[in-house]
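Commentary on secondary and tertiary structure
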Amino acid sequence: MAYKLEKKMVIGVSSRALFDLTVENEIFEQQGLEAYCRYQVEHEQEILKPGPGFGLIKALLKLNEYSQNKDLVEVIIMSRNSPDTSLRVFNAIAHYGLSITRSVLVSGAALAPYLTAFHTDLFLSAYEDDVQSAIDSGIAAGIICTEHRGYGASAQVIPIQAGIAAGQGERTDEACQIRIAFDGDAVLFTDESELIFREKGLNAFEENEKMHAREPLEKGPFAQFLKKLSDLQKELGTENCPIRTALVTSRSAPAHERVIRTMRAWNVRVDEAFFLGGLEKKDVLKAFGAQIFFDDQSVHTASAAQAVPAARVPCCRSAG
């Protein structure tokens, strides 16, 4: 019987999102593909350091320990690397004990067609074109920030035990919570309301949200991924659940009501919500202990990435 991915949460992650390939990427950009390939082969036995998505991927893979069949999450390396230059990545995967056995290695070709083929729920990459294509295909995807380092194996590990605040208590790699934070407009929801703010200003935006407070917002690129997370939370139980989510938005009252009613209409669970009214998001995300934060604006992801891993969600081109 063929192996099935349809019922799993499938995470596609590029090698640059999973590991720190800053030096290697500089060689590629400055000296070209041949020099990059030669460097990777020559340094095959040198273990790569964890990259910005490492902590999230490690925590997601640990979810399989909650299932007798270990079938909740599948992580697939999806990379523009060639098979010949990928051995270093696989050596690092084995070194860190990550349960990743499947890969898509396309030697510079586009990855987008394979995201659908592998039933991908979330795709993380540092390569904007691939992320854009994923978003245009209706797949949740983010361009992960690689400018800031230090979010490796031990960063943002939050113990599950109830009552332990984020960032406090003993940090351990045993039983840790997955903590994912989302912006609202243009991420969980479409950018319809955000466009009113951009074109007509705050007063028009707030008036529109008050007028339509009981009308659910349209689903954005990450709505289905949040739904899948919420379903997993229900399956795993509310007590000491290993998944915790947060909405971190620039909205504030009175624009909060429509968001809350939308979540209710979608029948999804969001554990924490922060309606910041334009306040800085970075400190809230750090306090929450986010292992990843998704936002559509680079000004927010660049700031957040100084404290937690962050990924920018590009606008869907097919939406106009």
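Before going into details, it helps to say that this report is about the structure given with it. No experiment lies behind these values; they were computed from the predicted model shown.

This part takes up the overall build of the chain. Within the chain, the regular secondary structure consists of 13 helices and 11 strands. Considering the chain as a whole, with its 320 residues, one finds that 50% of them fall into the buried category. In the chain, once contacts between residues fewer than 6 apart in sequence are set aside, the share between residues at least 24 apart is 74%. Split by element, the accessible area of the chain, about 15000 Å² in all, is 49% carbon and sulfur.

What follows concerns the side chain of serine 67. Within the secondary structure, serine 67 is located in the loop between α4 (54-62) and β2 (73-79). There is a polar contact of 2.8 Å between the side chain of serine 67 and the side chain of aspartate 71.

On to the pairing of strand β3 (residues 102-105). Two elements, β2 and β3, share four bridges in a ladder whose sense is parallel. Looking at β3, one finds that methionine 78 is bridged to valine 104. For the crossover from β2 across helix α5 (residues 87-95) to β3, the handedness is right-handed.

Leu18, Phe182, Phe222, Phe225 and Phe294 are the most contacted members of the largest nonpolar core, which has 68 residues in total. Residue contributions to this core peak at six residues, all from α4. For phenylalanine 182, the contacting residues outside a window of four places in its chain are Val187, Leu188, Phe222, Phe225, Leu226, Leu229, Thr245, Ala246, Leu247, Val248, Phe293 and Phe294. Listed in part, the 15 residues of the second largest apolar core include Leu276, Val284, Phe293 and Ala310.

Moving on, we get to the pattern of salt bridges. Per the counting criterion, the structure on display carries 20 salt bridges. Glutamate 74 serves as the salt-bridge partner of lysine 8, at 3.0 Å between the closest nitrogen and oxygen. Taken together, the residues span a long stretch of sequence, with lysine 8 in the segment before β1 (9-13) and glutamate 74 in strand β2 at a distance of 66 residues. Glutamate 74 matches lysine 8 in its accessibility class, with the two residues each being buried. With a closest N to O distance of 3.2 Å, arginine 258 and glutamate 209 form a salt bridge. One end of the pair, arginine 258, is in helix α11 (residues 256-266); the other, glutamate 209, is in helix α9 (residues 202-211), with 49 residues separating them in the sequence. As far as the burial class goes, arginine 258 and glutamate 209 line up, both buried. Through salt bridges with shared partners, a single ionic network connects Asp185, Glu209, Arg251 and Arg258.

For the bond from alanine 253 to proline 254, the omega torsion is 10 degrees, close enough to zero to count as cis. Structurally, proline 254 is set in the loop between β8 (243-249) and α11. The phi dihedral of histidine 119 falls on the positive side, at around 55 degrees, and the residue is not glycine. Within the secondary structure layout, histidine 119 lies in the loop between α6 (112-117) and β4 (122-125). Even without being a glycine, alanine 186 presents a positive backbone phi close to 75 degrees. By the element assignment, alanine 186 lies in the loop between β7 (176-182) and α8 (192-200).

Moving on to the packing of aromatic side chains. Each aromatic ring pair is described using two quantities: the centre-to-centre distance and the angle formed by the ring planes. This structure, assessed with the given rule, holds 11 aromatic pairs. With 6.3 Å between their ring centres and 50 degrees between their planes, phenylalanine 19 and phenylalanine 54 make a pair best called tilted. You can see phenylalanine 19 sitting in the loop between α1 (15-18) and α2 (22-31) and its partner phenylalanine 54 sitting in helix α4, a full 35 residues away along the chain. You can call phenylalanine 19 buried: its relative accessible area is 0%. Here phenylalanine 28 and tyrosine 36 contribute two aromatic rings whose centre-to-centre distance is 6.0 Å and whose plane-to-plane angle is 75 degrees, an arrangement assigned as edge-to-face. Judged by its relative accessible area of 10%, tyrosine 36 is buried. A connected cluster of aromatic rings, assembled from ring pairs, spans Phe182, Phe222, Phe225 and Phe294. Of note, arginine 179 hangs over the ring of phenylalanine 288, and the distance from its end group to the ring centre comes to 5.2 Å. The ring of tryptophan 266 carries the charged tip of lysine 219 above its face, separated from the ring centre by 5.9 Å.

For the pair α2 and helix α3 (residues 33-42), the least separation of the axes is 7 Å and the interaxial angle reads 150 degrees. Here α2 lies roughly antiparallel to α3, going by the angle between them. In this structure, α2 uses Val23, Glu24, Ile27, Phe28 and Gln31 to contact α3, whose residues at the interface are Leu33, Ala35, Tyr36, Tyr39 and Gln40. Partitioning the contact of α2 with α3 into residue classes produces seven nonpolar, two polar and one charged.

About the criteria used
Each residue is numbered by its place in its chain's sequence as written, counting from 1. The model is predicted, so local features are restricted to residues of pLDDT at least 70 and side-chain atom pairs to those at 80 or more, both for listing and for counting; the totals for chains, interfaces and linings are taken over all residues. To obtain the side-chain values, all non-hydrogen atoms of the structure were included, while hydrogens and water were left out. Helix and strand definitions here come from DSSP, where helices need a minimum of 4 consecutive H or I residues and strands a minimum of 2 consecutive E residues; each element is numbered from the N-terminal end. Think of it in three bands: residues with accessible area under 20% of the maximum for their type are buried, residues over 50% are exposed, and the middle band is partly exposed, with areas taken using a 1.4 Å probe on protein chains only. In this description, contact between two residues means that some pair of their heavy atoms is separated by no more than 4.5 Å. The method behind every accessible area is Shrake-Rupley, applied with a 1.4 Å probe, and residues are considered shielded solely by the protein chains displayed. Side-chain atoms alone can form a polar contact between residues adjacent in sequence; in general such a contact is a pair of N or O atoms within 3.5 Å, and within protein one must be able to donate a hydrogen while the other accepts it. Whether two strands pair depends on DSSP finding at least two bridges between them. Place the viewer so that the strands point away; then a crossover is right-handed whenever the path from the first strand over the helix to the second strand goes clockwise. Take the buried Ala, Val, Leu, Ile, Met, Phe, Trp, Tyr and Cys residues and link them wherever side-chain atoms come within 4.5 Å; each set so joined is a nonpolar core. Here, a salt bridge means any side-chain nitrogen of Lys or Arg that lies within 4 Å of a carboxyl oxygen of Asp or Glu. Each aromatic pair joins two rings of Phe, Tyr and Trp (for Trp, the six-membered one) with centres within 6.5 Å, and gets the label stacked for planes under 30 degrees apart, edge-to-face for over 60, and tilted for any other angle. Any Lys NZ or Arg CZ that is within 6 Å of a ring centre and within 35 degrees of that ring's normal is treated as a charge sitting over the ring. Orientation is described by axes fitted as lines to C-alpha atoms, over the contacting stretch for helices, and by angles from 0 to 180 degrees between their N-to-C directions. What sets the label is the angle itself: under 35 degrees gives roughly parallel, over 145 gives roughly antiparallel, 65 to 115 gives roughly perpendicular, and the rest give oblique. Gly is placed with the polar residues, together with every amino acid not listed as nonpolar (Ala, Val, Leu, Ile, Met, Phe, Trp, Tyr, Cys and Pro) or charged (Asp, Glu, Lys and Arg).

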